[in-house]
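# Observations on the model geometry
Chain residues, written in single-letter form:
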Amino acid sequence: MADTSILLVEDERDLLELLKYNLDREGYAVRTAETGEEALKQVRSDPPDLILLDLMLPAMDGLEVCRSLKSRDATADVPVIMLTAKGEESDIVRGLELGADDYVTKPFSPRVLMARIQAVLRRAEAMTVPGPTRVHEAGRVHVDLDRHEASADGQAVDLTATEFKLLTLLVSKPGRVFTRQQIIESIHEGFAAVTDRSVDVQVVALRRKLGHAGKSIETIRGVGYRFRED
Ligand code: CA
């Protein structure tokens, strides 16, 4: 953990100090930036393991920073957790679609933030394991891509091709919020005629087929869906 570096980008000095204190205490190597421009400079010269990025920054805002990071190969893989204010759902959606990994809404407890950081770092590490993962397991749900089989609580579940893709997407990254647009792109290869509403319908059908385990698929109001981590 001592080797894990986090770049904290926040222009509110009090919050910056508080977060730095908590991250230091958890054993992370913390660096800070108070503007988007400074953050980009730091990331390009020495990429951290994770970035905590406030969206409301003076001049270049967090979304611009995120877009810039994700559009360059050298920095595209650095995980980003957005720090957002209440009522910024449209910004959260845009950030996730730009490639941010997660978000935390202010005010948040340090415990929640630390749990999110650990989850994102775990997922980033899993992504570096060579070869595609052919089996996904989350909570009480098991998906086997080679066999094209899904089960919940040990019982086989009969899914349509679209439901199977949707479930695979969600359980491949437990805890990760996917926007409706990301779901459409993933399960329909960007087929434009598919609407947000049809994603909602698919989710309802999938939840029903999964029985009790279906409760693990959470609706994140105004943002999208995620498979809850246990
Ligand atoms: Ca701010």
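Just so you know, these numbers come straight off a predicted model, no measurement behind them.

## Some points on the pairing of strand 7 (residues 141-144)
Pairing of strand 6 (residues 135-138) with strand 7 involves 4 bridges; the strand directions are antiparallel. Along strand 7, the bridge assignment pairs valine 135 with aspartate 144. Counting the residues between successive antiparallel strands, the hairpin from strand 6 to strand 7 contains 2 residues, one of them, glycine 139, with a positive phi of roughly 55 degrees. Both strand 7 and strand 8 (residues 149-152) contribute to a ladder of 4 bridges, which runs antiparallel. In the sheet register, aspartate 144 faces strand 8, and the bridge partner there is glutamate 149. What sits between the antiparallel neighbours strand 7 and strand 8 is a turn of 4 residues, in which histidine 148 has the positive phi angle 55 degrees.

## Things to note about helix 2 (residues 36-45)
Here helix 2 has its buried residues at Gly36, Ala39, Leu40, Gln42 and Val43. Along the axis of helix 2, the buried positions cluster into a sector of 165 degrees, meaning they face one direction only. Residues Lys41 and Ser45 are exposed on helix 2 and point more than 90 degrees away from its buried face. Residues of helix 2 that are buried make contact with strand 1 (5-9), strand 2 (29-33), strand 3 (50-54), helix 3 (62-70) and helix 4 (73-76).

## Thoughts on the sheet that holds strand 8
Spatially, 6-7-8-9 is the arrangement adopted by the 4 strands of the open sheet, whose pairing is antiparallel. Each having just a single partner strand, strand 6 and strand 9 (155-157) make up the two edges of the open sheet. Taken pair by pair, the neighbouring strands of this sheet meet at an average axis angle of 20 degrees, ignoring direction. Packing of helix 7 (residues 161-172) onto the sheet brings it into contact with strand 6, strand 7 and strand 8, and relative to strand 7 it is tilted by some 115 degrees.

## With respect to the domain arrangement of the protein
Parsing the protein into structural domains produces domain 1 (5-128) and domain 2 (135-227). Taking the mean C-alpha position of each, domain 1 and domain 2 sit 27 Å from one another. The interface of domain 1 with domain 2 comprises 12 residues on the first partner and 13 residues on the second. Regarding the contact of domain 1 and domain 2, the summed buried area is about 960 Å², with carbon and sulfur atoms giving 55% of it.

## A short note on the nonpolar core
Val141, Leu167, Ile183, Leu210 and Ile217 are the most contacted members of the largest nonpolar core, which has 26 residues in total. If you list the elements that add at least two residues to this core, you get strand 7, strand 8, helix 7, helix 8 (180-188), helix 9 (196-210) and strand 12 (224-227). Among the nonpolar cores identified, the runner-up in size contains 25 residues, and Leu7, Leu40, Ile51 and Leu57 belong to it.

## Thoughts on the coordination of the calcium ion
Those protein atoms acting as donors to the calcium ion are Asp11 (OD), Glu12 (OE), Asp54 (OD) and Met56 (O), and they sit at 2.1 to 3.0 Å. Mapped onto the sequence, the residues coordinating the calcium ion show the spacing D-E-x41-D-x1-M. One end of the pair, aspartate 11, is in the loop between strand 1 and helix 1 (13-25); the other, aspartate 54, is in strand 3, with 43 residues separating them in the sequence. Residue classification places aspartate 11 among the partly exposed residues on the basis of a relative accessible area of 28%.

Rules and cut-offs
- Residues numbered from 1 in each chain as written.
- Predicted model: local features only at pLDDT ≥ 70, side-chain atom pairs only at ≥ 80, totals over all residues.
- Heavy atoms only, no water.
- Pairing = 2+ DSSP bridges.
- Helix = DSSP H or I, 4+ residues; strand = E, 2+ residues; numbered from the N terminus.
- Buried < 20%, exposed > 50% of the residue type's maximum accessible area, 1.4 Å probe, protein only.
- Arc of directions from axis to C-beta.
- Contact = heavy atoms within 4.5 Å.
- Axes fitted to C-alpha atoms, helices over the stretch in contact; angles between N-to-C directions.
- Domains from an automatic or database assignment.
- Buried area = accessible area lost by both parts, 1.4 Å probe.
- Core = buried A, V, L, I, M, F, W, Y, C linked by side-chain atoms within 4.5 Å.
- Donors = N, O, S within 2.8 Å, 3.2 Å for Na, K, Ca; no water.

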